[in-house]
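Here are the chains, one letter per residue:
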Amino acid sequence: MVDRKDFGSWLEGPRARTSTDGQYRGRDLGLPEKGPGSVAGFGIRLVGVLVDWGVASLIARGLFSVPLPFSQPPATGGQNFVVLGVFAVMHLLLVGTLGYTIGHRVAGLQVRSLTTGRVMPVQALVRTILLGIFIPAVVWDRDGRGLHDKVPGTVVVRTR
């Protein structure tokens, strides 16, 4: 359940709610502290998102002639939404079927449902919508899950 402390924790950082001894990200979820199946850290998740954004930019370039990032002339606001749309469709289809995106796979990550293990289509849809809004992705709880994972009941874990 999302509570008031989840919204405030981003100001103090992820360790603000894990300061007691024996606490680590994922402990309350029954996940291991380290290794495969443990909650993925922010840095490795950021790598996955950047890879996915790059792939979405290349697809948008090929299908819709959207300029690549840092090119001249730069993409317009509408063209940037095309890239966001491609990014969202990639997430919806790949997470909803395989449990990971291309970026997740490269970074050694997987999205799992807390209840069934496998991400259900509705969970993938809710997660994708909240990820596209961006703000829920940068507000996290003591287990290191952003609101885009907390609301649909998912978690990003390491596969290696």
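Structure: above.
Residues numbered from 1 in each chain as written. Predicted model: local features only at pLDDT ≥ 70, side-chain atom pairs only at ≥ 80, totals over all residues. Heavy atoms only, no water.

Counting through the fold element by element, valine 126 comes out in helix 5 (residues 121-133). Look at valine 126 and you get partly exposed, because its relative accessible area is 28%. Considering only alpha carbons, one finds valine 126 and histidine 148, 22 residues apart in sequence, at a separation of 7.6 Å. Every residue in contact with valine 126, bar those within four places of it in the chain, is listed here: Val151 and Pro152. (Helix = DSSP H or I, 4+ residues; strand = E, 2+ residues; numbered from the N terminus. Buried < 20%, exposed > 50% of the residue type's maximum accessible area, 1.4 Å probe, protein only. Contact = heavy atoms within 4.5 Å.)

On to the packing of aromatic side chains. Within this structure, the stated rule accounts for two aromatic pairs. With 6.3 Å between their ring centres and 40 degrees between their planes, phenylalanine 42 and tryptophan 140 make a pair best called tilted. Separated by 98 residues along the polypeptide, phenylalanine 42 in helix 2 (residues 42-64) and tryptophan 140 in the loop between helix 5 and helix 6 (147-150) bring together distant segments of the chain. In this structure tryptophan 140 comes out as buried when scored by relative accessible area, which is 16%. Note on tryptophan 53 and phenylalanine 87: the rings are 5.2 Å apart at their centroids and 55 degrees apart in plane angle, and the pair reads as tilted. Taken as a pair, tryptophan 53 in helix 2 and phenylalanine 87 in helix 3 (residues 77-97) lie far apart in primary sequence, 34 residues in all. With relative accessibility at 31%, the residue tryptophan 53 sits in the partly exposed group. Residue classification places phenylalanine 87 among the buried positions, given a relative accessible area of 6%. (Phe/Tyr/Trp six-rings, centres within 6.5 Å; stacked < 30°, edge-to-face > 60°.)

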